[in-house]
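Fold and geometry: a report
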Amino acid sequence: RDGERWGEMEAYGGEVPLVPVSATKRVGLEELLDSIALQAEMLELRAAPDGPAEGTVLESVMGKGLGILSTVLVQRGALRQGDHVVAGQSWGKVRLLLDEEGAQLSEAGPAVP
């Protein structure tokens, strides 16, 4: 029945990849990322890196001495220092952009961790 909605899985001769994953046990995460990258390459999926940023706020916390810190997934455009951000009923200004290793960035576009 799910096959009707999502298509047939590769394991059963279809086109939809099937990757067993457990985030709590940290199993299959690398295979999932590889599968997503392969699908994006095969389907030639590209996000527009120019224009105003559009994305999803994954989490926000109050950072001591820094104010509100948000983890954001940019889906379109580029997020730059000084940009104004609106998320639901909240708004603010981008003061600092950091990558996953804590290095400062001047802008963050689609697929920039």
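Residues numbered from 1 in each chain as written. Predicted model: local features only at pLDDT ≥ 70, side-chain atom pairs only at ≥ 80, totals over all residues. Heavy atoms only, no water.

**Quick notes on the layout of surface pockets**
In this model, the largest pocket occupies a volume close to 1400 Å³. Considering the residues around the largest pocket, the lining is formed by 42 residues, among which L69, S70, T71, V72 and L96 are closest to the centre. Where the lining of the largest pocket is concerned, the elements lending two or more residues are β1 (54-63), β2 (67-76), β4 (84-87), β5 (90-93) and β6 (97-98). Within the lining of the largest pocket, the residues separate by chemical class into 25 nonpolar, 10 polar and 7 charged. By volume, the second largest pocket amounts to about 190 Å³. Looking at the second largest pocket, the residues that line it are I36, A40, L45, R46, A47, P49, P110 and A111. Here the lining of the second largest pocket is built from residues that sort into 7 nonpolar, no polar and 1 charged. (1 Å grid on protein atoms, 1.4 Å probe; cavity = no way out; pocket = protein on both sides within 12 Å on 5 of 7 lines; lining within 4 Å. Points joined across faces, edges and corners; volume = space filled by probe spheres on them. Helix = DSSP H or I, 4+ residues; strand = E, 2+ residues; numbered from the N terminus. Nonpolar A, V, L, I, M, F, W, Y, C, P; charged D, E, K, R; others polar.)

**A few points about the pattern of salt bridges**
Per the counting criterion, the structure on display carries 2 salt bridges. Its salt-bridge partner being R76, residue E54 comes within 2.6 Å of it at the nearest N-O pair. Highlighted residues: E54 in strand β1 and R76 in strand β2, separated in sequence by 22 residues. Assessed through its relative accessible area of 43%, E54 is described here as partly exposed. Classification of R76 by relative accessible area gives partly exposed; the value is 45%. In this structure, R80 and E107 form a salt bridge, with 3.0 Å as the shortest nitrogen-oxygen distance. In this pair, R80 is assigned in strand β3 (residues 79-80) and E107 in strand β8 (residues 107-108), connecting sequence segments 27 residues apart. (Salt bridge = Lys/Arg side-chain N within 4 Å of Asp/Glu carboxyl O. Buried < 20%, exposed > 50% of the residue type's maximum accessible area, 1.4 Å probe, protein only.)

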